[in-house]
Amino acid sequence: MTELRKRGGGEPASAEKEADGEERLALGLGLAGEPDGEAEGDSKADTPEAPPSVDNTPQCLSKALEGLSSRWRNWWIRGILSLTMICLFFLIIYLGPIMLIIGVMVVQIKCFQEIITIGYRVYHSYELPWFRTLSWFFLICANYFFYGETVADYFGVLVQKEEPLQFLVRYHRFISFTLYLTGFCMFVLSLVKKHYRLQFYMFAWTHVTLLIVVTQSHLVIQNLFEGMIWFIVPISIVICNDITAYLFGFFFGRTPLIKLSPKKTWEGFIGGFVSTVIFGFILAYPLAHYQYFVCPVEYDSETNRFAVACQPSELFLLHEYRPPKLLQQFLRQETVTLFPFQIHSVALSTFASLIGPFGGFFASGFKRAFKIKVRGRVPSRAEPNRLLARRCLSLSPHHTLVCPLGFRGHYSGPWWHHGPLRLPVSDGDVCSRLHSKFYQGPQPKQSITAAATTAAGAAAQHLQPAALPPAGKGHVAPDWKPGAVRAGDGPLALSSSPWNRLEHLSIYAYQKHASNYRQLMPSGHPGNGLPWGLHDDLKRGQWAEDAAAHFLALILMGLSRRGGVCRLCPYYC
Amino acid sequence: MTELRHRGPAETDLQAADDFRGLDKDGAPDGDAHSDSEAKGDTGLPDVPVPPDDTPQVLNKALSGLSSRWKNWWVRGILTLAMISFFFFIIYLGPMVLMMIVLCVQIKCFQEIITIGYSVYHSYHLPWFRTLSWYFLLCVNYFFYGETVTDYFFTLVQREEPLRILSKYHRFISFALYLTGFCMFVLSLVKKHYRLQFYMFGWTHVTLLIVVTQSHLIIHNLFEGMIWFIVPISCVICNDIMAYMFGFFFGRTPLIKLSPKKTWEGFVGGFFSTVVFGILLSYVMAGYRYFVCPVEFNSDSNSFTVDCQPSELFQLQEYPLPAVLQSLTGWATVHMYPFQIHSIALSAFASIVGPFGGFFASGFKRAFKIKDFANTIPGHGGIMDRFDCQYLMATFVNVYIASFIRGPNPSKVIQQLLALRLDQQLQIFNSLKAHLTERGLLPANEVAA
């Protein structure tokens, strides 16, 4: 998409390059995966300054899956990456507590950076003086404070030995407070007259992000110190809930759950709940046998390493329970031997399945509120911060904050939920691209542009032909930059009458789009968790025409300076 | 200033800031320590009509003869004196009333800031949001007060059965309450208003972070001893007044662009006078047990008592003076409370860093184009206007006490010990005995009978 952006800068582009770009986009939509679950480019891709995202699927996977259709290709990529991430998870667990702590810290820093970048984008505040430095400084302060409290607790013996550490521990709160104050005073001194409000917004954004991200990650680490089982079981439960809710929704989903996430269904929710409880119960059993998982992590001052060896507490010793009569008959046993921990795991699973999804809804709402799209990307199943989202909401009952974090994944979902529309769904780029197709070389390369011209032609029949700025006649000033379609820009300040006619035209096109859309989607929501019904070619063509009419309407609205967002079908805007 | 808001979203900050500057010049700043708390100005809420001059009638009549500038001075002066007397009065009434007052102030500050948020985002009619903000305030207060109460009212809590359960599962209950609010928020998200709702959610949380945590730290300070509450607040008030006076009489060099009425002369003069004031005030107060003793709850009489043996900090000690001061005053040593040395640190903080809280509030008011936080106190603005410098002070005092003053509390350790299981208590007893025997405090060969 680089050529699209460059065209925004006024460079002429050949139709050829453009076709390539379109095709790559079409492929990229179904395919882009993320190696290693690091969701790098997304938020950056939305900012006008950053380079756009490209198809990230590793070369080997692309080659291996060349033969399959795009839909199955998508499935395979998701599956492979899920397995990769789960293996990575196991590896880290094997490597021990220190690696886990480092892993959590890395995830925390990445989450913080992502949210802050969203804030910059929302407020167009990337160039605020000092602000990037201050955000990272506050992150360091908060981490220093929290790690200091943890370290002082768990590394008591080590700390008593070393003199400088003793000093740091004794005056820890004072030092943390001083660091924070320094940041605060720097903030006050950096207030610049023009940017007061922005700076306060970013200050608040940073603090809320710290509150959410940093406190949660430290609670996770405290859980870890209680025993690795308190870290592994909740995370696994959340992952299991995600996967089973998705599978149940896929196979049996009918009734939508909440307007906020239209793809979630009650069947998925309940199925996920039941299977998560069972999974947690079963998972707890083998893990509770091993001291490695069960013992609190302690620092052995003699060997200078972490040790996990202890006498397991009562929770992790097998007990006999008498199940109620019904179960007794079912199992044909009078007593069952269980770990008490398994009963606790039922509570954890219940929380993960019932309340955990609210974290996902919060993140969905956040993404819709700030119009963040996972554009055309197959959302990898276990991106770090989505994990953080669900996992944080299922912290052990010992700890008490909720973490509604998660900024990848569920928004756009698999492409077939939206219909076979292959166009990218960002604002500005498509408009500029289609606009250029209109005015700088109208060669109908694909069905979509053909439909667009048809729709334009149809629209033209209802108005005087002179009203429609015909292809190539160049009513538009030659140096007009399609990307700069914003109110108040200089190049659009031309004579008003062509723009009035454009406005009429845009209204007409929009009405056509609206009627198409309502025909195709009477319930008003694309995708109720039902993947069927959008695959027959007739409907495919209708969707394409609707999309074309819609984009035409957007372009014309932009040109006529009405601006606006399609309120009808936010997935296309 | 209502017309500024109606200009619409295309307005740039630059434009608005220029307008605001114009307004500032028109407003005839009648200086006080806070650059822009001009009383009778409207608060910038487009929905609320400009509030009329709400100086009490009696004051109006008494001052009707003077010109408006002096009238302003007098109104402010009288209300300052009124507030200070009120402060003394509630100190006299005791710790319980102080806690109530802190709670009231906190609620009022919260309400003021949330109202500003509503007016900034025009989100007064968001579904559920007002309920949710107050609900979150309630949750956080419940959490914090629960932690405090469990600490300080230990015996009372252990006695009453329902209180015991509440305190045992306190964190869980607080978390459940917070989660309920969170889920209500998610369920209340309405398609058109997503962004607004998230903004208000963020606004509420930041306000809670600022207002509620500060007020609880103040109450912690209070429980250490009322002197730890009174001296910091007085230092901040004194710094305000002194900096204003010095600035008024000697002010030449501006201090910071953010508050154009503050001057370096005011700042430095305020610093010195606050330090001196702090030393004098703490000398006076440290003599009384009423101020010095930690506030404790007497479970027999079911009331608060402030009665104890004053700690070392509050006993007169002799300090040798450095040579310079010796020659100045002719004294070899001076009798001081150690607390007075700590008060120098507190005053220094109040004068140097405290004003940053004021600048922060000024920046906030300029950013959101409001003159005052609210119009509660005639002549001064809202409650937040009075307390913006206290913002950091409470945290500092709390951190200071935790780091430098408070040692481990033996009675608390005993409380925790007695709550353990019997075999654990025995284990601790044995290891403690071994330790003390090793140190020679206990006779070595103790034979159990």
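Residues numbered from 1 in each chain as written. Chains lettered and ligands numbered in written order. Predicted model: local features only at pLDDT ≥ 70, side-chain atom pairs only at ≥ 80, totals over all residues. Heavy atoms only, no water.

Here we look at the overall build of chain B
Applicable threshold: Working definition: helices are DSSP H or I runs of at least four residues, strands are E runs of at least two. Numbering for both runs from the N terminus. Note on exposure labels: buried denotes an accessible area under 20% of the residue type's maximum, exposed denotes more than 50%, and partly exposed covers the range between, all computed with a 1.4 Å probe on protein chains only. Whether two residues are in contact is decided by their heavy atoms, any of which lying within 4.5 Å being enough. A 1.4 Å probe and the Shrake-Rupley method give the accessible areas. Residues count as covered only by the protein chains that appear here.
Counting its secondary structure elements, chain B contains 20 helices and six strands. Residue burial in chain B is summarised as follows: out of 449 residues, 47% are buried. Put simply, of all contacts in chain B between residues at least 6 apart along the chain, 71% involve residues at least 24 apart. Surface accessibility of chain B: about 23,200 Å² in total, with carbon and sulfur atoms responsible for 67%.

What about the packing of helix α15 (residues 338–352) of chain B against helix α16 (residues 354–367) of chain B?
Residue and element names in this part refer to chain B. Rule in force here: Fitting a line to C-alpha atoms yields each axis, with helices limited to the stretch in contact; the angle taken between N-to-C directions then spans 0 to 180 degrees. By the definition adopted for this analysis, an angle is roughly parallel if under 35 degrees, roughly antiparallel if over 145, roughly perpendicular if from 65 to 115, and oblique otherwise. Ten residue types, Ala, Val, Leu, Ile, Met, Phe, Trp, Tyr, Cys and Pro, are classed as nonpolar, four, Asp, Glu, Lys and Arg, as charged, and the remainder, Gly among them, as polar.
Close contact between α15 and α16 brings their axes to 3 Å; oriented N to C, the two are set at 25°. The orientation of α15 relative to α16 falls into the category roughly parallel. In this structure, α15 uses Phe349, Ala350, Ser351 and Ile352 to contact α16, whose residues at the interface are Gly354, Pro355 and Phe356. For the contact of α15 with α16, the residue count by class is five nonpolar, two polar and no charged.

Some words on the pattern of salt bridges
All names here are of chain B. Let me state the cut-off plainly: Just to be clear on terms, a salt bridge is a Lys or Arg side-chain nitrogen sitting within 4 Å of an Asp or Glu carboxyl oxygen.
Inspection of every chain in the model, using the stated rule, returns six salt bridges over all chains. One salt bridge connects Glu112 with Lys108, and the closest N-O pair in it is separated by 3.6 Å. You can see Glu112 and its partner Lys108 sitting in helix α5 (residues 95–121), four residues apart, about one turn around the helix. According to the relative accessible area criterion, Lys108 is partly exposed, its value standing at 25%.

Details of the UniProt feature "transmembrane region" (unreviewed entry) in chain A
Residues and elements named next belong to chain A. Rules: UniProt positions are given in the numbering used here, feature names are shortened, and annotations may be inferred rather than shown by experiment.
Within this numbering scheme, the UniProt entry marks residues 75–107, 128–147, 174–192, 199–221, 227–253, 265–288 and 341–363 as carrying the feature "transmembrane region" (unreviewed entry). In the segment residues 227–253, helix accounts for 89% and strand for 0%; the C-alpha atoms at its two ends are 38 Å apart. Between the C-alpha atoms that bound residues 341–363 there is a distance of 31 Å. The span itself is 96% helix and 0% strand.

Considering the interface of chain A and chain B
Basically, it comes down to this: Summed over both partners, the accessible surface that disappears when two parts come together, traced with a 1.4 Å probe, is what is meant by buried area. Here a polar contact is taken to be a pair of N or O atoms separated by no more than 3.5 Å, where protein atoms must pair a possible hydrogen donor with a possible acceptor and residues adjacent in sequence count only if both atoms sit in side chains.
On the chain B side, the residues contacting the 47 residues of chain A number 51 residues. Taken together, the two surfaces of chain A and chain B that pack against each other cover about 4,500 Å², and 79% of this comes from carbon and sulfur. Our count for the contact surface shared by chain A and chain B stands at zero salt bridges. Where chain A meets chain B, there are two residue pairs in polar contact (both at pLDDT 80 or more). When residues of the side of chain A that touches chain B are traced back to their parent elements, those giving at least two are α6 (97–123), α10 (172–189), α11 (196–226) and α17 (356–369) of chain A.

A word on the pairing of strand β2 (residues 259–263) of chain B
Residue and element names in this part refer to chain B. The condition is simple: Any two strands with at least two DSSP-identified bridges between them are counted as paired.
Bridge count between strand β1 (residues 254–256) and β2: two bridges; the pairing is antiparallel. Looking across to β2, one finds that Ile256 is bridged to Ser259. Counting the residues between successive antiparallel strands, the hairpin from β1 to β2 contains two residues.

Some details on the UniProt feature "transmembrane region" (unreviewed entry) in chain B
All names here are of chain B. Here, UniProt's "transmembrane region" (unreviewed entry) annotation points to residues 128–145, 172–190, 197–219, 225–246, 267–291 and 339–361. Between the end C-alpha atoms of residues 128–145 there is a gap of 26 Å, over a span that is 94% helix and 0% strand. From the first C-alpha to the last, residues 225–246 spans 32 Å; its make-up is 91% helix and 0% strand.

Here we look at the nonpolar core
Residue and element names in this part refer to chain B. Put simply, the test is: Here the nonpolar core consists of buried residues drawn from Ala, Val, Leu, Ile, Met, Phe, Trp, Tyr and Cys, with membership extended through side-chain atoms lying within 4.5 Å. Source of the domain bounds: an automatic or database domain assignment.
Formed by 144 residues in total, the largest nonpolar core has its most connected members in Ile227 and Trp228. For this core, the element with the most residues is helix α10 (residues 194–224), which contributes 15 residues. Each of domain 2 (109–223) and domain 3 (226–406) contributes no fewer than three residues to this core. Look past the residues within four positions of Trp228 in its chain and what remains in contact with it is Asn221, Leu313, Phe314, Phe339, Leu346, Val397, Tyr400, Ile401 and Ile405.

Looking at α10(B)
Residues and elements named next belong to chain B. Defined as follows: Helices are assigned an expected span. That span is 1.5 Å times one less than the residue count. The angle between axes fitted to the seven-residue stretch ending at a residue and the seven-residue stretch beginning at it gives the bend at that residue.
Here α10 contains 31 residues, and its C-alpha end-to-end distance of 45 Å stays within 8% of the 45 Å for a straight helix at 1.5 Å per residue. The sharpest bend along α10 reaches about 25° and sits at Leu208. Here α10 lies mainly inside the structure; 26 of its 31 residues are buried. Directly beyond the C-terminal end of α10, a positive phi value near 150° is found at Gly225.

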